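# Coordinate analysis (summary)
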Amino acid sequence: MSMITLYQFEVSPFCDKVRRVCHYKGVPYTVQEVSLLGAGKYSSARKLPVIDDGDTRVEDSTQIVQYLEQKYPQPGLFPQDAAERALCNVLEDWADESLYYYDIALHFSFAENAKRRAEHLLQHEKPLMRTLLRPFVPSLLRKLGESQGAGRRPREVILDDIDRQISSIDALLGTQDFLLPSGLSIADISVFVEVDAMRVAELGAGIIARYPRVASWMARVDDTTSA
Ligand SMILES: N[C@@H](CCC(=O)N[C@@H](CS)C(=O)NCC(=O)O)C(=O)O
């Protein structure tokens, strides 16, 4: 059987999502770290994650998860029940297409976080590349946050929005261990990786700490899906 290669930026939540899916399913893979300017070599959208499985290349975390679910159906990450499955798809998309931009806004529209997060993004670059890219990373990522609108809002509104998103996760959990009644699903992994990235910023961690059920859900998802 061919070994999957994951082309990644280590700190990308979408790459974390794919790693966690592989761990949960017990799928062996190797990682190739890509330079911040190098994604176009692997991806038509110039975005990572991308996987190679033998001659098959798959782009985009959502497509990669679909591919892995088909090839390695057990343990499954999509509920059997049609209504739960529908909510699972909606939550995955909400995490990827909405929460991600709050994550970027928190790190890059908030100047106090931008430098530190930029260093995380640059950690695998060669020293010369790191020096060349360092001045551009915060403003490029701020533009990305603003492209979806989240990062254009005033600071207090962004923080209120994030609080409301985290309180929605809290409400969805209720007394359940995972977001959907039938147990761990791709919804948990997709939402977890975005909230985990928010937690890196002090203000993000402060909001999450107000919701103890969310914090214990995070520990549960992490336990079930990390290496
Ligand atoms: N929808 C894509 C999003 C992937 C994505 O946005 N990846 C970011 C890293 S977090 C990226 O590669 N950005 C490079 C760029 O925009 O140039 C997925 O789910 O894989």
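Notes on the structure follow. No experiment lies behind these values; they were computed from the predicted model shown. (Residues numbered from 1 in each chain as written. Predicted model: local features only at pLDDT ≥ 70, side-chain atom pairs only at ≥ 80, totals over all residues. Heavy atoms only, no water.)

## Section: empty space enclosed by the protein
We apply this condition: Residues are called lining when one of their atoms sits within 4 Å of a cavity or pocket point, these points coming from a 1 Å grid over the protein atoms alone, where a cavity is a set in which a 1.4 Å probe fits but cannot get out and a pocket is an open set with protein on both sides within 12 Å along at least five of seven lines. Grid points are joined across faces, edges and corners, and a volume is the space filled by probe spheres set on the points. Only Asp, Glu, Lys and Arg are considered charged in this grouping, and only Ala, Val, Leu, Ile, Met, Phe, Trp, Tyr, Cys and Pro are considered nonpolar; every other residue, Gly among them, is considered polar. Segment limits for the domains were obtained from an automatic or database-derived domain assignment.
Taken as a whole and assessed by the stated rule, the structure comprises two cavities of 30 Å³ or more. Of the voids in this model, the largest cavity is the one considered here, and its volume is about 60 Å³. Lining the largest cavity are Phe 9, Glu 10, Val 11, Glu 33, Val 34, Leu 36, His 120, Leu 121, Gln 123, His 124 and Glu 125. Split into classes, the residues belonging to the lining of the largest cavity amount to five nonpolar, three polar and three charged. Looking at which domains feed residues into the lining of the largest cavity, each of domain 1 (4-71) and domain 2 (82-225) gives three or more. Looking at the second largest cavity, its volume works out to about 30 Å³. Taken together, His 107, Asn 113, Arg 116, Arg 117, His 120, Val 200 and Ala 201 make up the lining of the second largest cavity. A per-class count over the lining of the second largest cavity returns two nonpolar, three polar and two charged.

## Observations regarding unusual backbone geometry
Applicable threshold: Only DSSP runs of H or I with at least four residues qualify as helices, and only runs of E with at least two residues qualify as strands; both kinds are numbered from the N terminus onward.
Between Leu 48 and Pro 49 the backbone carries a cis peptide bond, its omega angle lying at 15°. Within the element layout of this structure, Pro 49 appears in the loop between strand S2 (29-33) and strand S3 (50-53). Between Gln 74 and the following residue, Pro 75, the backbone shows a cis peptide bond with an omega angle of -10°. Looking at the secondary structure, you find Pro 75 in the loop between helix H2 (61-71) and helix H3 (82-109). Unusually for a residue other than glycine, Arg 46 sits at a positive phi of about 55°. With respect to the helices and strands, Arg 46 occurs in the loop between S2 and S3. Within the chain, Asp 60 stands out as a residue other than glycine whose phi angle is a positive 80°. With respect to the secondary-structure elements, Asp 60 resides in the loop between strand S4 (56-59) and H2.

## Re the layout of surface pockets
In this structure, the largest pocket spans a volume of roughly 1100 Å³. Looking at the lining of the largest pocket, the elements with two or more residues in it are helix H1 (13-25), H2, H3, helix H4 (111-122) and helix H6 (137-147). The element contributing the most residues to the lining of the largest pocket is H3, with eleven residues. When the residues that make up the lining of the largest pocket are grouped by side-chain class, the tally is 21 nonpolar, nine polar and ten charged. Residues lining the lining of the largest pocket come from more than one domain, with at least three contributed by each of domain 1 (4-71) and domain 2 (82-225). Considered as a void within the structure, the second largest pocket measures approximately 210 Å³ in volume. Lining the second largest pocket are Gln 66, Glu 69, Gln 70, Pro 73, Gln 74, Gly 76, Phe 78, Gln 80, Arg 85 and Asn 89. When residues in the lining of the second largest pocket are grouped by element, the largest group, three residues, is from H2.

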